[in-house]
Amino acid sequence: MRKIIILFLLLMPVASFARKPIIPEIKHHKIEARLNIQKHTIDASDEILVKNRENLHELVFFLNRNLRVKAVQVEGNPAEFQVVPEFSAADVIRDVRKDTKDFYANAQLLKITLPPHLLNLFRVKVTYAGKIYDPPHVPAYARDAAAVETRGVIGGKGVFLAPESHWFPAVETSLASHEVTTNTPSGWETVTQGARISHKTEDGRLTVHWKNDHPADGLYLIAGRYDVRELQAGPVTIYTYVFPEDTALAEKYLTYSAKYVKMYSKLLNPYPYKKFAVVENFFPTGYGMPSYTVLGQTVLRLPFIVYTSLGHEILHNWWGNSVFVDYATGNWCEGLTMYMADYYYKTLRGPEQAKEYRYGIDRNYTLYVNDKNDFPLDRFLNRTAMYTRMIGYGKSAMVFHMLRRWVGDAQFYEALRNFIRHKQFQIAGWADIQKEFEAVSGLNMTVYFDQWVHKTGAPRLEIKDVSRHKTSGQKWTLGGNLLQKERVFRLRVPIQVYFRSDTLDTVLVTAQAKTPLSFSFDQKPLGIGIDPDYNVMRRLNHGEMSPVLSLALSDENAVIVLPSRSTPEFAEAYRLLAHQLIPPGDGMIKSDVEVTNADLKSGSVFVLGSPEENAVYGKMGAALKGRLAFRGKTVSLAGNTYTGKSVIAAFWNPLNRQKGLCVFQAASPKVVRSLGMKMMHYGKYSYLVFDGTKAIAKGEWPVKENPLIVKF
Ligand SMILES: [Zn+2]
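Residues numbered from 1 in each chain as written. Predicted model: local features only at pLDDT ≥ 70, side-chain atom pairs only at ≥ 80, totals over all residues. Heavy atoms only, no water.

A.B. asks: Help me understand the overall build of the protein chain in this model?
C.D. replies: Looking only at helices and strands, the protein chain has 16 helices and 39 strands in total. The C-alpha extent of the protein chain, read off along each of the three principal axes, is 90 × 70 × 55 Å. When burial is assessed residue by residue, the protein chain has 55% of its 712 residues classed as buried. Counting only contacts in the protein chain whose residues sit at least 6 apart along the sequence, the fraction spanning at least 24 positions is 70%. Put simply, the protein chain shows about 30,700 Å² of open surface, and 51% of that area lies on carbon and sulfur atoms. Computed over 88 positive and 69 negative side-chain charges, the separation of the two mean positions in the protein chain equals 4 Å. (Helix = DSSP H or I, 4+ residues; strand = E, 2+ residues; numbered from the N terminus. Buried < 20%, exposed > 50% of the residue type's maximum accessible area, 1.4 Å probe, protein only. Contact = heavy atoms within 4.5 Å. Areas by Shrake-Rupley, 256 points an atom, 1.4 Å probe, with all protein chains shown as cover. Lys, Arg positive; Asp, Glu negative; His and termini not counted. Charge placed at Lys NZ, Arg CZ, Asp CG, Glu CD.)

Set out below in structure tokens:
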């Protein structure tokens, strides 16, 4: 996840915001910060370079409300200032959406009166000090993300100062460059944006000077008792800042970081910064900031991170952290980063892996996104609930995939390189992307971007009336109709025709609810497949998907059926799990003796306990036939037998074929409690078997019959 710094450059009529302060353009922050770890305090000054503009009589900055302003100077002379501890967000912030207000919840206002006749560029220096200590905590209700919150912390475990901690005076929106000199007890290393210019210890204190010449949309300061390693990758210095107990991991992170920096520098344009640092955090995060990433200890220790998330975070230095996102027109950077990182690595492993990944995107969109929660890509900000991820990451990645297939690799990368050349260190939106792709291809892409970016939804395809005829000699024709169900899109649909010894790949352009298919061949066609490799962003047909756990996990109308015949310990554990799985206000939780057929039809059903404990198997058990069978403590599943293990498996709901049925039988109440919310991570599987909490078997049921592939 990329840390999102909300920036809204909305052009509002001046009259309606007459009372709001003018936002000046800040060119540069030069911060000197002395940290006292024991006292949790910062003692700092910020010399701010401001661009003058007409009618600018006053500057208004946001600053952490625990910080005391000691002095303000304008062009070296003492200036009048006023601190306003309480303010109404509506009076000063241009964007007053809920999350934006939250961003300023911790701030006070610093109002500085400006003397007349200032130059075009002038300097304001603010000297301030105070305590910032909000130890990371888990918010009251977090279903989807491993969310830990802090409003900034200077503490013995580490220092984490994010833009929302307002640790230096900043305005609502500005792309400024930054320079930070930190002073910490020796043994404490700091990291922030840009290059490390100097690093020296004197009298038991360490002074580090960081400088980023390029503008950025916010600034973090991180510090900890780090072991620092470095490696040169061409012009870029790679660093690892890890805790002493994790130094064994440093080598691997250095090597892989260098590899990704080189790979993307070649594929795109040169890496935009002088350094890249992998920084270990003392609480769970997965943030990518300009020129570094901050990963929680648990994440850093996962063996697969160097193959997946690390590359993703490094690529964000191009997408999102140097070409910045214009959030007012939608966050495009996650889809593009997912496409060029997570998906790209699958393509390097082979076409089957890539196909499976695309299938997963289409499948998850189909399962998690519905008419009620769907929104267009130009409204995506960042991922919150699962469905937002399926749109803002998954669908967005497919929009880039279809673009690449349309214009070809050469033009695809050329357009992206031009996008960087024109928009680096500026904010950019989908319109800029469209412009670059139209420029290199000479194509008009209005319809494409309109239907995929500015509108909701995805097409669903069907094939009907397929027939083949022998005309004369060895000539054959193949006909049929391609149907677009739901809304009609303009699509380039890949089609495969199968022959005895080879396969023909072609593309059909459709922009209608019904498009006739008509082919003639010199040999006998044996079958036809519509988008068999999932190259189109689309809603999958029921028959293209095998039932998976996310059917039930993603359904806000899910029905959880509790067992009435289990032991009190089991009953209590299952009851707690049910309340974890269903957010307050969603779905229903009933016992097997209360639940009605109408309830079981109303959504995906989650059955807890075995058939001995839960009577609802009597109504729904037929769905398990041939796949899962219970015999006392023994279960047979996917051709294997397990005793004393926990099993979770998904099927189609026999009373409502569009919905899922999920059954979970645990080996002990303890397993129910410890597996609990971990289930959320297993949504893509049809079944799992656990020994304790360790998955010892997992898989997806094979798809029985794909309705988009017709064989004669
Ligand atoms: Zn990302």
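A.B. asks: Before we go on, may I ask you to explain the pattern of salt bridges in this structure?
C.D. replies: Side-chain pairs of opposite charge can arise whenever the charged atoms involved come near each other. Going through the model one piece at a time under the given rule, you end up with 25 salt bridges. A salt bridge links Asp227 to Arg229; the shortest N-O distance between them is 2.9 Å. On the basis of relative accessibility, which here comes to 22%, the residue Asp227 falls in the partly exposed class. Residue Arg539 is joined to Glu486 by a salt bridge in which the shortest nitrogen-to-oxygen separation is 3.7 Å. One end of the pair, Arg539, is in the loop between β28 (527-530) and α12 (550-553); the other, Glu486, is in the loop between β24 (476-485) and β25 (491-498), and 53 residues separate them in sequence. Connected through salt bridges with shared partners, the residues Arg460, Glu462, Lys464, Glu486 and Arg539 form a single ionic network. (Salt bridge = Lys/Arg side-chain N within 4 Å of Asp/Glu carboxyl O.)

A.B. asks: Is there a simple way to think about unusual backbone geometry in this case?
C.D. replies: Peptide bonds are, in most cases, trans, and in most cases residues other than glycine have a negative phi. Located in the positive-phi region is Asp465, a residue other than glycine, with phi close to 55 degrees. For Asp465, the position within the fold is in strand β23 (residues 460-470). Residues other than glycine seldom take positive phi values, yet Asp531 does so here, at roughly 40 degrees. If you trace the backbone, Asp531 turns up in the loop between β28 and α12.

A.B. asks: What is the right way to read a nonpolar patch on the surface from this model?
C.D. replies: Taken together, the side chains of Leu302, Phe304 and Tyr307 make up a nonpolar region of the molecular surface, amounting to roughly 270 Å² of accessible area. Note on placement: Leu302 falls in the loop between α4 (297-301) and α5 (309-315). Judged by relative accessible area, Leu302 falls into the partly exposed class, the value being 33%. (Patch = residues over 30% accessible without salt bridge, like charges linked within 9 Å, V, L, I, M, F, W, Y side chains within 5 Å.)

A.B. asks: It is not clear to me how the environment of Glu700 should be interpreted in this structure. Could you clarify?
C.D. replies: Here Glu700 is to be found in the loop between β38 (694-699) and β39 (709-711). Taking the C-alpha atoms as reference points, Glu700 and Glu613, 87 residues apart in sequence, are found 26 Å from one another. Those residues within four positions of Glu700 in sequence are excluded, and the remaining contacts are Tyr359, Arg363, Ser546, Val548, Lys684, Ser686 and Tyr687. Here the side chain of Glu700 touches Tyr359 through a polar contact of 3.3 Å, side chain to side chain. At a separation of 2.7 Å, a polar atom in the side chain of Glu700 contacts the side chain of Ser546. (Polar contact = N/O pair within 3.5 Å; in protein donor to acceptor, adjacent residues only side chain to side chain.)

A.B. asks: Which parts of the structure should I look at to understand the packing of aromatic side chains?
C.D. replies: For any pair of aromatic rings, geometry is given as the distance between the ring centres together with the angle between the planes. For the coordinates displayed, the defined rule picks out 47 aromatic pairs. The aromatic ring of Tyr260 is capped on one face by Lys259, whose charged end is 5.7 Å from the ring centroid. Here the basic side chain of Arg389 rests over the ring of Tyr393, its NZ or CZ set 4.8 Å away from the ring centre. (Phe/Tyr/Trp six-rings, centres within 6.5 Å; stacked < 30°, edge-to-face > 60°. Lys NZ or Arg CZ within 6 Å of the ring centre and 35° of its normal.)

A.B. asks: I keep staring at the environment of Ala89 and nothing clicks. Help me out?
C.D. replies: With respect to the helices and strands, Ala89 occurs in helix α1 (residues 89-92). You can call Ala89 buried: its relative accessible area is 15%. Taking C-alpha positions, Ala89 is 9.5 Å from Asp102, a pair spaced 13 residues apart along the chain.

A.B. asks: Just to check I follow, could you spell out the sheet that holds strand β15 (residues 221-224) for this structure?
C.D. replies: Consider a sheet: its strands pair through backbone hydrogen bonds, and that pairing is either parallel or antiparallel. Strand order across the open sheet formed by four strands is β9-β10-β15-β12, with antiparallel pairing between neighbours. With one partner strand each, in any of the chains shown, β9 (153-155) and β12 (189-191) form the two edges of the open sheet. Strand-to-strand twist of the sheet, defined as the mean angle between neighbouring strand axes without regard to direction, takes the value 15 degrees. Pairing geometry for β12 and β15, over three bridges, is antiparallel. Residue pairing across strands places Thr190 opposite Ala223, the latter belonging to β15. (Pairing = 2+ DSSP bridges. Axes fitted to C-alpha atoms, helices over the stretch in contact; angles between N-to-C directions.)

A.B. asks: Is there a simple way to explain the side chain of Asn106 in this structure?
C.D. replies: Structurally, Asn106 can be placed in the loop between α2 (98-103) and β7 (107-113). Setting aside chain neighbours within four positions, we find Asn106 in contact with Leu63, Asn64, Arg65, Arg151, Glu164, Ser165 and His166.

A.B. asks: Is there a simple way to think about the sheet that holds strand β3 (residues 58-64) in this case?
C.D. replies: Taken in spatial order, the three strands line up as β3-β7-β6 in an open sheet, and their pairing is antiparallel. This sheet does not close on itself; its edge strands, each paired only once, are β3 and β6 (81-84). Averaged over all adjacent pairs, the angle separating strand axes in this sheet is 25 degrees, with direction ignored. Bridge count for β3 against β7 is seven bridges, and the pairing is antiparallel. The residue bridging Val60 from the neighbouring strand is Lys111, located in β7.

A.B. asks: Looking at this model, I keep getting lost on the packing of helix α7 (residues 351-368) against helix α8 (residues 386-407). Mind explaining?
C.D. replies: The angle between the axes and the distance between the axes are what describe a pair of packed helices. As a packed pair, α7 and α8 sit with axes 9 Å apart at the nearest point and diverge in direction by 140 degrees. Accordingly, the angle class assigned to the pair α7 and α8 is oblique. Handedness of the α7/α8 crossing: left-handed. Along the contact surface, α7 presents Arg358, Ile361, Asp362, Asn364, Tyr365 and Tyr368, while α8 presents Met386, Tyr387, Met390, Ile391, Gly394, Lys395, Ala397, Met398 and His401. The residue inventory of the contact of α7 with α8, partitioned by class, reads nine nonpolar, three polar and three charged. (Parallel < 35°, antiparallel > 145°, perpendicular 65-115°, else oblique. Left-handed = near helix turned anticlockwise from the far one by under 90°. Nonpolar A, V, L, I, M, F, W, Y, C, P; charged D, E, K, R; others polar.)

A.B. asks: How should I be thinking about the confidence of the model for the protein chain in this particular structure?
C.D. replies: Detail in the predicted coordinates should be disregarded across regions flagged by low pLDDT. Taken over all residues, the pLDDT of the protein chain has a mean of 91, while the share at 70 or more is 95%. Across residues 1-18, where pLDDT falls below 50, the model places 47 contacts with residues more than four positions away in sequence or in other chains. Low pLDDT, under 50, characterises residues 141-146; the predicted model gives this stretch 12 contacts beyond four residues in sequence or across chains. (pLDDT = per-residue confidence, 0-100.)

A.B. asks: Could you clarify how one ought to interpret the environment of Phe375 in this entry?
C.D. replies: Along the chain, Phe375 falls in the loop between α7 and α8. Taking the C-alpha atoms as reference points, Phe375 and Lys455, separated by 80 residues in sequence, lie 7.5 Å from one another. Setting aside chain neighbours within four positions, we find Phe375 in contact with Phe380, Tyr387, Thr388, Ile391 and Thr456.

A.B. asks: Would you mind going over helix α3 (residues 250-267) with me for this structure?
C.D. replies: An α-helix turns once every 3.6 residues. As a result, residues three or four positions apart point the same way. Taking 1.5 Å of rise per residue, the 18 residues of α3 would be expected to cover 26 Å, and the 26 Å separating its terminal C-alpha atoms lies within 8% of that figure. Listed in full, the buried residues belonging to α3 are Ala250, Tyr253, Leu254, Ser257, Ala258, Tyr260, Val261, Tyr264 and Leu267. (Expected span 1.5 Å × (residues − 1).)

A.B. asks: Would you mind going over the nonpolar core with me for this structure?
C.D. replies: When a protein is soluble and globular, its nonpolar side chains tend to lie buried together. Residues Trp319, Trp332 and Met340 are the most contacted members of the largest nonpolar core, which totals 104 residues. With 10 residues, the top contributor of residues to this core is α8. Ignoring any residue separated from it by four or fewer positions in sequence, one finds Met340 in contact with Tyr264, Leu267, Leu268, Leu315, Trp319, Tyr345, Tyr413 and Leu416. Of all hydrophobic cores here, the second largest spans 40 residues; its members include Leu59, Leu67, Val159 and Trp188. (Core = buried A, V, L, I, M, F, W, Y, C linked by side-chain atoms within 4.5 Å.)

A.B. asks: Explanation requested: the pairing of strand β19 (residues 286-289) in the structure shown.
C.D. replies: Two faces make up the sheet, and in a regular strand the side chains alternate between them. The side-chain alternation of β19 yields two buried faces, one formed by Gly286 and Gly288 and the other by Tyr287 and Met289. Relative to strand β20 (residues 292-296), β19 runs antiparallel, the two sharing four bridges. In the sheet register, Gly286 faces β20, and the bridge partner there is Leu295. Remark: two residues form the turn of the hairpin made by β19 and β20, two consecutive strands paired antiparallel; Ser291 in that turn has positive phi of roughly 75 degrees.

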